[in-house]
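Given next are the chains, with one letter for each unit.
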Amino acid sequence: MLLTAVLIPTLAGLLLPAVRIKNRITKLILLMAVLAAEAGVCVTLAFGGDASFHILRITEGLSLDLGIDGLGRLFIILISVGWLLTGLFACEYMKHEKNEDRFFAFMLLSEGAMLMTALAANMATLYTAYELLTLVSMPLVIHSMTKESVSAALKYLFYSIAGAFLALLGIFFLYKYTSSMSFVPGGSLDTAAAVRDSKILLPVIFAAVIGFGAKAGMYPLHGWLPTGHPAAPAPASALLSGLIAKAGVIAVIRLVYYVVGAEFLRGTWVQTALLILALITVFMGSMMAYLEKVLKKRLAYSTVSQLSYIMVGLFMLSPAGVQGALLHVIFHVLSKVCLFLTAGAIIYLTGKTEAGQLTGIGKQLPVTMWCFTLASLTLVGIPPTGGFLSKWYLASAALKGMNGAFKWLIPVVLLVSALLTAGYLLPIAVKGFFPGGDNDAFRRIHEPRVMWVPMVILAVLAVALGLFSSGIADFTGSLASLMC
Amino acid sequence: MRNILILLLVVFPMASAPAVWLAGRKNRRSRDFAVIAVTFIELCLTILAAVMCFNGEYAADLCGINLRLDGFRCVYTVITAFMWFMTALLSPEYFAHYHNTDRYFLFCLLTLGATQGVFLSADLMTAFLFFEVMSLASFPWVAQDETGDALRAANTYLAVAVIGGLVTLMGMFLLNNLTGTLVIDELYDACKAVSNRGTLYTAGACILFGFGAKAGMFPLHIWLPKAHPVAPAPASALLSGVLTKAGVFGMIVLCCHIFRYDEVWGFAMLIVGVITMVWGAVLGVLSVNLKRTLACSSMSQIGFILTGLSMCCLLGHENALAARGVMLHMVNHSLIKLVLFMTAGAIYMNVHTLDLNKLRGFGRNKPILHFAFLMGALGIGGIPLWNGYISKTLLHESIVEFYAESGLIWIKIAEWLFLIAGGLTVAYMTKLYVCIFVEKNTECQEKYDGIKKSLSPLSAAALIGSAAVLPLLGMTSGITMNRIAELGQSFIHGGELEHAVNYFSLENLKGGGISLAIGVTVYFLVIRGFLMKKENGVRVYADRLPKWLDLEDKVYRPLLLKILPGCLGPLARVFGENKVLAPAGKFIASKLGLIKDEK
């Protein structure tokens, strides 16, 4: 079952260009069937018991293994549902792009690699999947083959691979101090030896986290995000920003909480330094988004900022912080995928790319802009949307668990960033719905159903999960207490 | 059953909002009917809930949303529903020539549900949740007209709501961290036990920021005088009458629960309250726009309520008068502003202007308008036998009482400022009254006199119905108002009243008399003198408010839109574009021979 989850999209992705289906409708139906089947498999897996699967042995002590645990459950649901909805949207959107077969093929391959990242049971598997993911998602960025997209894709490749090498360095060192590289909640570090050699080990772990942080857009390796997203087609940006970037989050969680263990880092300079970097990213991302004019680029900077909310939660190294981070993972996936899809719909239907051009867009594309508004409110964290919930947990965790300046700094930075988020998202909705002036100037444009259905599902989920949150709050809470 | 009822108060209007919207897409008349029906059912539900509440308090809990019903909440849910119903009666006629009215009603009903939620909430978290929904859902009201002014005011409103919400949230983080609870009834004991007073005051100030901004507290009142004139009149009535009270609700939680009997907090609130009270009244006197005057008046009246709340803190256990004054002034202000704004709406839908110089003389020979406006003016002016007099007397007496107890000169000054603000209220209401109903318009008086049927029967019923309540309450104060005041005490936590207050004793009439005298003097000396000028041989009202006094344009907008991004933007760019690390990396790499010089 575990292997099937990874194999279905991978094989489908490999077969798609080989088979060459002439009829577009048939092709799309098959594509959707694969994505839906995949979502079905993932949901079954997530609600089933723990499982593991041994793929192959590379050398002594180094093997590729898949396994499912709480964290994996959370992520595979998000991934498979995210891909399903984005795929649906792409069916319409890709009409106006060339080479859609190639796009769909790499989209499926990325899903396979992403699922493998989430289901990896040890560091070797995770690293393999992580590198694969970089390679197969790069063509999504390069898709339009313009000069701009090629350089953006190269930048993505460079940042991700450089980051992964930094991480690999850490993994080499850690290999010596852990009993195995398998993921164990709480880590499997040989504490006595590690404490003795902490002068070496701490900088190495620091470097590894920074390296994995590259994919999650954490300062200083965030540079690829704002260039990569606008260059890619909208469904690809949605996936990159909403989900593929989360591979960095998965990797950091696995490294910090399942290999090293939170105990070892708590109170060290590594924690302080990482928190500072994450807070800088939170602020910098939203400020840059506020200053940015191109909508997709603005959303990309927003991702930089929002992903570091998650990082802040993780680096607090407390159960409450992790819980906030995991909740933010969920709501960021929902709202950011939704936002990128709306941005895509705007580009597809009106051709407008800059935030300043969007006056009256709410009258032209009401459904799209309603989704945009709801997703924005989630991202800002206005109750009762889900974003409020994660912010509440993050800030409470900081006030309760942190000492010194961080106690104040974290909530304040989070709120300032929320204010900036409101500043760069809400005016678009306001101008869109209240253009002023002549009322008949903005004719409604037909919005294709395959475009608005995924957006509506995501937007409604973002709000509804915030309202009825006890289930996911309990789930993330128990997961977090297991990890710390 | 009761739990379902209490939830229904919130859920019913919210759930019916989309239905009303859909009805409006089909047919305007059926939508208008639906709105009236929904608000009427809501009113019936609140009354039913209030009657059932007579046997005691009850509470409801649904997925983290804690609601409860006690005396105060009964009164305010009924008032909220009543005001929505009355404005709904006026709406069909008022909105007859408007665009996008479906949108207005959609958000109108959503806001109704959210506002009920605020008043019903049993903990701060729930209150905050509904407060945010209310703020956002009422945003389209302000923007409804989509004129330049309306959009600008709406943006201000939104910014105040969002910033206020976030600052309040920070306060709640801190409070929750200090006390571990946000349940309103537990906060007094929990906060008393907090030793870290500094942080507690910080938390309080943060929470005050958001709620105060909504209530129109100085210096966060900026949205009020701008949003009211541009919003449709039924919306202004609700904004001013109810939504500001949702802000006051939060302040009651602060003053009567978190900081109950806390003197430091009390003095801080007194300063803010007095400034709000006086400054609002001064702005009201200076204004030459009908609805702006009423908006400034709202600000000033909120100042009166804040002053009363500060007295609740300062007087300790002997705060019976202040607590009753606060409750009654809230109720009175809601009802009075309903009448006044609806009258303003009735005038606006005929003449399409709010400029005092243009609508001058419109009210002559229009008995219904005349009656309604007069009731409102007498009510808010604090004239004996009208309802405003009762609450102002109570508030005034509470200040006198605290002066007698403390002997502080500052309190004496506060008392005088209170009387002066009351006088200014009389002055600006006289200004409006004389302008609309006494003076003649030199240009188009005949046209105005020609408009005989200025109101539809429905609108007239709404006006007369809401206006008649005011003297009715004022004249039966011993029965009705005392009971309303008593109902509020389980929430405001006033002490026991030692003896019944004789509202019409000489001592109490004196305070009202002083205010009245000040008002008449100000009207004749300042308004008729300094605030009027001759233009083409006609004496007209002059706008003498100096532009540099506009806090929004001179301070907030530049600060938020220019200075902060101007300072922090470049800082973010240093990190965002890696202006330090990237060149440094390149430099090191080229020194090591890893990359070749591009030349």
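Quick caveat: nothing in here was measured; it's all calculated off a predicted structure. (Residues numbered from 1 in each chain as written. Chains lettered and ligands numbered in written order. Predicted model: local features only at pLDDT ≥ 70, side-chain atom pairs only at ≥ 80, totals over all residues.)

So, the overall build of chain B
What counts, and what does not: A run of DSSP states H or I qualifies as a helix once it reaches four residues; a run of E qualifies as a strand once it reaches two. Both are numbered from the N-terminal end. For this measure, only C-alpha atoms enter the radius of gyration; the expected value for a globule follows 2.2 Å times N^0.38, where N is the number of residues. Think of it as a crowd count around each C-beta: if 20 or more other C-beta atoms lie within 10 Å the residue is buried, if 12 or fewer it is exposed, and in between it is partly exposed, with C-beta placed from the backbone throughout. In this description, any two residues whose backbone-derived C-beta atoms lie within 7 Å of each other are considered to be in contact.
Summing up its helical and strand segments, chain B has 23 helices and four strands in all. For 599 residues, the compact-globule estimate of 2.2 N^0.38 gives 25 Å, and chain B sits close to it at 25 Å. Once the C-alpha set of chain B is aligned to its principal axes, its extents read approximately 95 × 60 × 55 Å. For chain B, the residues scored as buried account for 58% of the 599 residues in total. Counting contacts in chain B only where the partners sit at least 6 residues apart, residues at least 24 apart contribute 81% of the total.

Quick look at the packing of helix H10 (residues 233-258) of chain B against helix H12 (residues 290-314) of chain B
Residue and element names in this part refer to chain B. Basically, it comes down to this: Axes, fitted as lines to C-alpha atoms, cover a helix only where it is in contact. Angles between the N-to-C directions of the axes lie from 0 to 180 degrees. Here is the rule for angles: anything less than 35 degrees is roughly parallel, anything more than 145 is roughly antiparallel, 65 through 115 is roughly perpendicular, and the remaining ranges are oblique. By convention, the crossing between two helices is left-handed when the near helix turns anticlockwise from the far helix through less than a right angle, and right-handed when the turn is clockwise. The residue classification treats Ala, Val, Leu, Ile, Met, Phe, Trp, Tyr, Cys and Pro as nonpolar and Asp, Glu, Lys and Arg as charged. All others, Gly included, are polar.
Contact geometry of H10 with H12 gives a least axis separation of 11 Å together with a crossing angle of 15°. Comparing the axis directions of H10 and H12 gives the class roughly parallel. The handedness of the crossing between H10 and H12 is right-handed. Touching Ser236, Ser240, Thr244, Val248, Met251, Ile252, Cys255 and Cys256 of H10 are Lys291, Leu294, Ala295, Ser298, Ile302, Ile305, Leu306, Leu309, Cys312 and Cys313, all from H12. Of the residues belonging to the contact of H10 with H12, the class tally is 13 nonpolar, four polar and one charged.

Regarding the interface of chain A and chain B
At the junction of the two partners, chain A supplies 31 residues and chain B supplies 31 residues. Sorting the residues of the side of chain A that touches chain B by element identifies helix H13 (269-291), helix H18 (386-401) and helix H19 (405-433) of chain A as the ones contributing at least two each. For the side of chain A that touches chain B, the residue count by class is 25 nonpolar, five polar and one charged.

Points about the nonpolar core
Our working definition: Definition of nonpolar core: a set of buried Ala, Val, Leu, Ile, Met, Phe, Trp, Tyr and Cys residues joined via C-beta atoms within 7 Å.
One finds Leu119(A), Val312(A), Cys338(A), Ala462(A), Val142(B), Cys255(B) and Cys312(B) to be the most contacted residues of the largest nonpolar core, which totals 431 residues. The element that contributes the greatest number of residues to this core is helix H13 (residues 320-351) of chain B, accounting for 21 residues. If near-sequence neighbours (up to four positions away) are discounted, Val312(A) is found in contact with Leu275(A), Ala278(A), Leu279(A), Val282(A), Leu394(A) and Ile410(A).

A few points about the confidence of the model for chain B
Definition in use: The pLDDT score gives, residue by residue, the confidence of the prediction method on a 0 to 100 scale.
Taken residue by residue, chain B gives an average pLDDT of 88. The fraction at 70 or more is 98%. What the predictor reports for the complex is a pTM of 0.91 with an ipTM of 0.89.

So, the pairing of strand S2 (residues 62-68) of chain A
Residue and element names in this part refer to chain A. We count it as follows: Strand pairing is assigned whenever DSSP detects at least two bridges linking the two strands.
Two strands pair when backbone bridges link them, and strand S1 (residues 51-59) and S2 are joined in this way by seven bridges, in the antiparallel orientation. In the strand pairing of S2, histidine 54 is matched with aspartate 65. In this antiparallel pair of consecutive strands, S1 and S2, the connection spans two residues, and glycine 61 shows a positive phi of 75°.

Things to note about unusual backbone geometry
In this structure, the amide linkage connecting Tyr219(A) to the following residue, Pro220(A), adopts the cis form with an omega of 5°. Position of Pro220(A) among the secondary structure elements: in the loop between helix H8 (198-213) and helix H9 (224-231). Looking along the chain, the bond that leaves Pro383(A) and enters Pro384(A) is cis, with omega of 5°. Among the structural elements, Pro384(A) can be located in the loop between helix H17 (366-380) and H18. One non-glycine residue, Asn99(A), lies in positive phi territory at about 55°. By the element assignment, Asn99(A) lies in the loop between helix H3 (70-93) and helix H4 (100-119). Given 14 C-beta atoms within a 10 Å radius, Asn99(A) is considered partly exposed. Not every positive phi belongs to a glycine, and Asn100(B) is a case in point at roughly 50°. Mapped onto the elements, Asn100(B) comes out in the loop between helix H3 (71-94) and helix H4 (101-120). Assessed through the 18 C-beta atoms surrounding it within 10 Å, Asn100(B) is described here as partly exposed.

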